[in-house]
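The lines below spell out each chain.
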Amino acid sequence: MAKARTIVDERTLAGWFSAPTEARAARLVAEEKEPVFFHADVEEHVQDPETGVTKRCDVTLRSRTRPLATVEMKRPEVAAADSPMLQEDSWSKAVGRGLPYFLTANFEEILVWETAKGSNQTTPLIRFVLAPQLGHSSYAPQRRAEISENWVKFLDQFSQYILDLQNKEKGPRKLPPQVLELKEVIQEAAEEAAERIRSAVVDEGFRQKTLDAFRLQFGVETSLDPYGNKSRLLAESVQVAMIATFVVATRLMLYQALANSTRADGTSFDLDVLDITRSTSDPQRVSSDLAGLYKHARRKTGDFETQFSLGELDEVVFVDASTSRKDVGLVWGKIIDVVKGADWEAPVTYVPGLYESLLDDEHRHVMGVHYTPDPVVELITAYAVQDAADIVLDPASGAGTFATMCYERKRALGSTHDQSLAEVYAVELAQFAASLTGFNLTLADTSASSAYPRVFRTDFFQTYPGKLSGLELPDVGRVRYPKQVDAVVGNPPYIRFENRLPEEREEVFKFLQTHFMKTQIAYPNFTGKADIWAFFIAGAHMYLRSGGRLGFIVSWNLLASDYGDAVITFLARYFKIHALIDSRIERWFAAKQNTVIILAEKVTDPPSKLSHQSNPNVPDDHCVRFVRLKRPIEELINKDVPRGKRAEDLVDQILEAAHDTGDDLRWDIRLFEQKALLETESSADGFGDE
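Remember, predicted model here, so these are calculated numbers, not experimental data. (Residues numbered from 1 in each chain as written. Predicted model: local features only at pLDDT ≥ 70, side-chain atom pairs only at ≥ 80, totals over all residues. Heavy atoms only, no water.)

## Digging into the overall build of the protein
Here is the rule we go by: Going along the chain from the N terminus, every DSSP run of H or I of four or more residues is numbered as a helix, and every run of E of two or more is numbered as a strand. By definition in these notes, contact holds between two residues if any of their heavy atoms fall within 4.5 Å.
Looking only at helices and strands, one finds 20 helices and 19 strands in the protein. Taking as baseline every contact in the protein between residues at least 6 positions apart, the subset at least 24 positions apart corresponds to 71%.

Here it is, written out as structure tokens:
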């Protein structure tokens, strides 16, 4: 009788993969490289209690922080690596975990499949041979070294595939040709300005003024130490000059766009030709020429005070110094020539990308210059803005990404250029960001007659519904903050409330107390340790009409902190929370923490004043959809329709979910009755430990 072969089970093979994976990762780290895969974790197996046979045995490939792929094993004598049964088993586990890849393997070869393509595929992304012609597991032990060595080579190939894909997806935004040309001349002007800045920072007064300007405008700390590390001074001076030059360039783009446009009555603004004294070697002469053009534009248009006002950044970029080159006027003339030679249509689609491209990686990270991606903004605005006549507010507009998308959505729903600008309100504290918001809104439709965006340069907590603002527009006069709005959208800041100055915290208290004393509804029970975005949610309640919609992207602390519980309670009392959305596979902007999208509809305030009881205007059976996306939002929206309408179907599909969903390639959805989220008792009616 032939002797039975001794099999090597799948779990043993899986164990062979673990040590080489971690050793490879350690080697790469020692070489100052970031591995894609750090671990190959052997999963818990499931045994049949009657036979003791292992029924499940697989591996999870993990990065430093999260799982990336599931690997399902079979012995070569049991199944081929591309077996449909094996594919189905591995695919179902990848779907359940929201992993982008699933792998199938036997001792002979290993295959990589893309989860989004389903469980029945014929062509894998990668087919890699581990042990050629190994037909039975009993021969595996003597070939273990070969299998381990080839496993490492496989990880090299799979890692490179993922890195290439990431570089393709995360590469710089494609900029139109005229923007690339503008980038080149901005860089040339910035390099010249950086020379003067390095010379000028020996004056401590100028240095401190520059540091303060960048701290206030961008929240970034620089040193610009003329006596410190020369390489650091060079890098910082170039980046400071690059940012300041970009700011001036956007003003020139706006000036030229206005020169090419008309008033609502069809007449032109009759602006002077955009130009400067090109023969000058004096940066102050360039600044003076531009200041005259700005004053002229303000007088002719009767508006754009924020956009055409000189500030600290002008003093930085045009600082006079002994190192001034003779070609200062010529360098700035090149920027003007590029600006005058192109049409600057829909700047919101490329201006943020231009700005990001002018910063090195370190400064982009420190300054948080990663604007909320368009697909995320599309989703939020598709939910929040339901009608062409909706009045919209972004209380912390940044560069105007949300405000401009709201404008585009209103246009897509049938609104006019003038009406859309008049019904989209933006509030922004930083002059630079407020100027960009106004710039993007003004040029959202360069074919339309010029109109005036409602951009308030102030702290949101100094506004109040219906109160007169400091903004004055032609034929309108001083503009009031909207009394009620149909939608509040945006990405409010993640600054800790306790880190604000005492007078700033007091300002927030007064802002909310005015409202909650007037309405006699329960004061929000947020603690002083909350991020400031929590107070923006309470502020949104002030402005929204009953039935109005809130669409915010906020920190993951909403679902993972004590003050987040208080925010959820507040939302559950005064809103119908339609969905809370996060993602397993992408971060939506460069926050150090994950983020959550809130989609909620304000309901009528409860009749019981100053009460923390549930609100009878929220139906007892209303369910909150907790949505965890398994695919990037960009893949879920419809790119074949105009901007502003691309996420409509996606929003409808999420809001129509009537039961839990775990086997969908796009997302996991869990439904919970909202009343279960509401704390029915509270020991405090104030701001916790404040």
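The discussion continues.
## Describing the pattern of salt bridges
Stated formally: For this document, the term salt bridge refers to a Lys or Arg side-chain nitrogen within 4 Å of an Asp or Glu carboxyl oxygen. Each residue's exposure class comes from its accessible area (1.4 Å probe, protein chains only) as a fraction of the maximum for that residue type: buried when under 20%, exposed when over 50%, partly exposed otherwise.
Applying the stated criterion across every chain yields a total of 33 salt bridges. The shortest N-O distance in the salt bridge between R127 and E109 comes to 3.1 Å. Here R127, found in strand 8 (residues 126-129), pairs with E109, found in strand 7 (residues 109-114); they are 18 residues apart in sequence, far enough to count as distant. With its nearest N and O atoms 3.2 Å apart, the salt bridge here joins R285 to D289. With R285 and D289 both in helix 7 (residues 283-301), this residue pair falls 4 residues apart, about one helical turn. Residue classification places R285 among the partly exposed positions, given a relative accessible area of 40%. Given the relative accessible area of 18%, D289 is considered buried.

## Some remarks on the pairing of strand 18 (residues 623-629)
Stated formally: One bridge is not enough; two strands pair if DSSP finds at least two bridges between them.
Relative to strand 18, strand 16 (residues 575-583) is paired through 5 bridges, and the arrangement is parallel. Bridging across to strand 18, A579 finds its partner in R625.

## Structural notes on the sheet that holds strand 6 (residues 101-105)
Definition in use: For every element, the axis is a line fit to its C-alpha atoms; helices are fit only across the contacting stretch, and the angle between N-to-C directions ranges from 0 to 180 degrees.
Strand order in the open sheet formed by 6 strands is 1-4-5-6-7-8, with mixed pairing between adjacent strands. The open sheet has two edge strands, strand 1 (39-42) and strand 8, and neither has a second partner. Strand-to-strand twist across the sheet, computed as the mean angle between neighbouring axes with direction ignored, equals 20°. As paired elements, strand 1 and strand 4 (residues 58-62) share 4 bridges and run antiparallel to each other. Residue pairing in the sheet places D41 in a bridge with T60 of strand 4. Across the sheet, helix 1 (residues 10-30) lies against strand 1, strand 4 and strand 5 (67-73), angled at about 155° from strand 1, the strand it touches most.

## Some words on the confidence of the model for the protein
Our working rule: Confidence scores here are pLDDT values: one per residue, from the predictor, ranging 0 to 100.
Put simply, the protein has an average pLDDT of 84, and 86% of its residues get 70 or more. Per-element averaging of pLDDT across the protein places strand 2 (residues 46-47) at the bottom with 40 and strand 9 (residues 392-394) at the top with 98. Confidence drops under pLDDT 50 across residues 45-55; counting only partners more than four residues distant or on other chains, this segment forms 12 contacts. Throughout residues 364-369 the model reports pLDDT below 50, and contacts reaching past four residues in sequence, or to other chains, amount to 15 contacts.

## Quick word on the sheet that holds strand 11 (residues 454-457)
Backbone hydrogen bonds hold the strands of a sheet together, and the pairing may be parallel or antiparallel. Taking strand neighbours across the sheet as the criterion, the 9 strands line up as 11-10-9-14-15-17-16-18-19 in an open arrangement whose pairing is mixed. Strands at the two margins of the open sheet, each flanked by one partner only, are strand 11 and strand 19 (667-673). Across the sheet, the mean angle from the axis of one strand to that of its neighbour is 15°, orientation sign disregarded. Sitting on the sheet, helix 12 (residues 374-384) is in contact with strand 14 (485-490), strand 15 (544-555), strand 16 and strand 17 (595-602), with an inclination near 10° to strand 17. Running over the sheet, helix 18 (residues 562-574) touches strand 15, strand 16 and strand 17 and is turned about 140° from strand 16.

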